[in-house]
Amino acid sequence: MTEKNTIGSLTTSEENGLPNSLSDNKVNKAENLSRYLLVFLAFLLPIFLIPGASFPFQSGKWMLVSIFALISFFLWIVSRLRAGSIQLPKSAIFYSIGFILLSGIVSTVFSGSIGESFLGAGGEINTYFFTLILFILLFTAFHVLNSSKAVLNFYLALFFSSAVIITYQLLRIFIGVDFLSFGVLSSSTSTLLGRWNDLGIIFGLLSLISVIALEFFNPAKLMKILIYIFTVLSLVFMVIINSVVAWSVLGLLSLLLFIYLYLQRKSERSKESGFFIKHHKFSKIAIGIFAVTVIFIILRPQVGDYVSNQFGISQIEARPSFTSTLSVAKDVLSQSPGFGAGPNRFGIEWGIHKPLGVNNTIFWNVNFSYGIGILPTSLVSYGVLGFTAWAVFLGALLLLGMRALFTDVEDPISRFVIVSSFLGSLYLWIFSVVSVPGIVVLVITFLMTGVFLASYYRSKEGLIEYKRISFSDDSKVGFSSVFVLVLILILSIGFGYLVTTRYISSVYAQKALIAVNEVGDLDLGLKSISRSLSLAKTDNNYRLMSQLHVARLNILLGREDLAGTEEGTKLFQDILGLAISNAQKATEVDKDDYRNWLSLGNIYEAIIPLGVDGAYESAQVTYERASLANPTNPSIDLALARIEVAHGDNDSARIEISNSLRKKNNYTNAIFLLSQIEINEGNIAEAIRAVEAASNINPNDPLTFFQLGFLKFNQDDFGGAITALE
């Protein structure tokens, strides 16, 4: 039986189908466990770390979030099956979520690499899978974090976790960056949370919640002192972190809070808590925080930069500008307007459509995975339809929040939850528009949004329509509903297995890198990457396997005892075949990633001097294919120039070098190759002019001046040689 209702105040299970008010103990146990898992996730995620360089830091958090989200969602579904009914909200905001997920799966199917778009290598936050996980968290939080007590526990979990982070960062500041590095956190900007700037975002959020709590309640003296201390420490850390974006957004939300409190100057009392909302004409704390943010932004060069320098903190978070993101989106939408390039494919499209002017910056060879922000990136990933769904979602959230702020809620704790969760959600969503926050910030964003929707759903004037589906009243509806829920349960188990194997694969891949680069044990590296490939056949793993076989080739070529022998020839052919085969498999997994083609081309290029038949032709075709996937990258033209030199065609090499310099006129590697060609042909004067050009472009490179001095010395220009060498 399907019922359509409008929810006002949520009190009884029979009248409104509230998931947290059912009398069945088994249902309550499943839901309570789901609730405890989300609260525990809020505490554990910011500080979660598996010690050891072999365990990828961000991938560990990615795995933790995915497993907790799937288990929590699993338990909620079990509670619905036991209850014999399910209720689904009918609201524009939930319809938009459904459309985001629907357009995302269509974009994934037509992305050109379903595996990379759906799951990626493991640890990425812009795959379809992780987007699904985030909305699962929102949906589950909406259903289980639906009481004031649950929300307060959620807030306390965040505060306790942040207290651990504050203590940890203070110890590292005063003792040194080597203290409790766990083999992972080795720099001054390393933090348990993840990204350095994300730390500023979280401290800003908790400062905002603290201010709202102080404005709404009159806690005991000791509690008030603790809240003030925490707020001050959070602001101090924001000064150290020195993120102008975090300060700007905190200032904006503090101003909004000040305006809201000014308009809502009423005095109310909660009989249960004894707390009361302060009655005054304006909020001194909120306007004080706003004043602090304005002062810091104005004095940031004198204060923020000075403090950062004193603590030896230097952090650059590079990403494409708004115009560059829009330029890429325009090109992508001209080819696929409806559904875009697919999730996790911005990096591929950046390579194809990157503005040429980027080559004149230090980020010319950076393969950006996102645009200016996560939501602007969705215009490239999801197309017009998906981006519109995101816009509707945020617009509906904003309208719902504005309505909730001015809803007449008599219970002050409920009002605190509504105001804090909405302003907290708004604060966090702004960062997804203007920046690329990490896993922790995104998870808290979606949990906070679910908390706000639940609080509004529970409020007196929260008129959200829903459908209640009973499994027993209508056999056909019941059968279909139970079938879908059981299918979701099976998928949850499958996704959990997929997440676990993908993480273990990344651990083995990391062990392979450590074995080769740090230990120098190539055999151990090959063994580790083989295990990684057995769990996840990603292009990254295939590329790494190929590179390790190339390292085997280099070792083999250095063995004089096998030179010219039949055994040596057979070994060479076998290892070369493995190197090429794995590189080719990488191109099959993702044919649009230029790095796969470049890796394959490097192998062919390396064997050209050995006289292997077809090596030159294969290298040329492969590099040209790489150029199609990244047409503005000058390093590919330089690679084509190198194989022409190896092939003995210097004129063709000069043409490729010219193409490279047209794309990046300060590309010193291309100039060096040109000078080497001139030297080989006896044109020392031309070689000197080429190296002089390189020295003017890069005046801080000692190798450039050494080569210039060496060339001038050979030309008997001893004065010029001395000047260059000095």
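Our structure is the block above this text.
Computed from a predicted structure; not experimentally measured. (Residues numbered from 1 in each chain as written. Predicted model: local features only at pLDDT ≥ 70, side-chain atom pairs only at ≥ 80, totals over all residues. Heavy atoms only, no water.)

1. With respect to the overall build of the chain
Within the chain one finds 29 helices and three strands. Looking at the 726 residues of the chain, the share that counts as buried comes to 55%. As displayed, the chain has an accessible area near 31500 Å², and 62% of this comes from carbon and sulfur atoms. (Helix = DSSP H or I, 4+ residues; strand = E, 2+ residues; numbered from the N terminus. Buried < 20%, exposed > 50% of the residue type's maximum accessible area, 1.4 Å probe, protein only. Areas by Shrake-Rupley, 256 points an atom, 1.4 Å probe, with all protein chains shown as cover.)

2. Some details on a nonpolar patch on the surface
On the surface, a cluster of nonpolar side chains totalling about 700 Å² of accessible area is made up of L252, L256, I259, Y262, L263, L398, M402 and F406. Listing elements by their share of the nonpolar patch, those giving two or more residues are α10 (244-263) and α15 (374-405). The greatest single-element share of the nonpolar patch, amounting to five residues, is contributed by α10. With respect to the helices and strands, L398 occurs in helix α15. You can call L398 partly exposed: its relative accessible area is 39%. (Patch = residues over 30% accessible without salt bridge, like charges linked within 9 Å, V, L, I, M, F, W, Y side chains within 5 Å. Salt bridge = Lys/Arg side-chain N within 4 Å of Asp/Glu carboxyl O.)

3. Focus: the packing of helix α8 (residues 196-216) against helix α16 (residues 412-434)
Helix-helix packing: each pair is described by the crossing angle between the helix axes and the interaxial distance. Where α8 meets α16, the axes come as close as 10 Å, and the angle between the chain directions of the two elements is 155°. In terms of orientation, α8 lies roughly antiparallel with respect to α16. For the pair α8 and α16, the sense of crossing is right-handed. Along the contact surface, α8 presents G200, I201, G204, L205, L208, I209, I212, A213 and F216, while α16 presents P412, R415, F416, V419, S420, L423, G424, Y427, L428 and F431. Each residue belonging to the contact of α8 with α16 can be placed in one class, and the counts come to 14 nonpolar, four polar and one charged. (Axes fitted to C-alpha atoms, helices over the stretch in contact; angles between N-to-C directions. Parallel < 35°, antiparallel > 145°, perpendicular 65-115°, else oblique. Left-handed = near helix turned anticlockwise from the far one by under 90°. Contact = heavy atoms within 4.5 Å. Nonpolar A, V, L, I, M, F, W, Y, C, P; charged D, E, K, R; others polar.)

4. Concerning the side chain of S421
Here S421 is to be found in helix α16. By relative accessible area, S421 is classed as buried at 0%. At 2.6 Å, the side chain of S421 and the backbone oxygen of V417 are in polar contact. Residues within four places of S421 in sequence aside, it is in contact with Y155, F416, M448, V451, F452 and S455. (Polar contact = N/O pair within 3.5 Å; in protein donor to acceptor, adjacent residues only side chain to side chain.)

5. Describing the environment of V144
Within the secondary structure layout, V144 lies in helix α6 (residues 128-144). For the pair V144 and W76, spaced 68 residues apart in the sequence, the C-alpha separation amounts to 8.0 Å. Among all residues touching V144, those that are not within four sequence positions of it are E31, S34, R35, L38, W76 and A150.

6. Thoughts on the packing of aromatic side chains
Across all of its chains, the model carries 35 aromatic pairs by this definition. Arranged with centres 6.4 Å apart and planes meeting at 25°, the rings of F452 and Y456 form a pair that is stacked. Taken together, the residues F452 and Y456, both in helix α17 (residues 439-458) and four residues apart, mark about one turn of the helix. One aromatic cluster is present, formed by W62, F118, Y128, F129 and F495 through successive ring pairs. (Phe/Tyr/Trp six-rings, centres within 6.5 Å; stacked < 30°, edge-to-face > 60°.)

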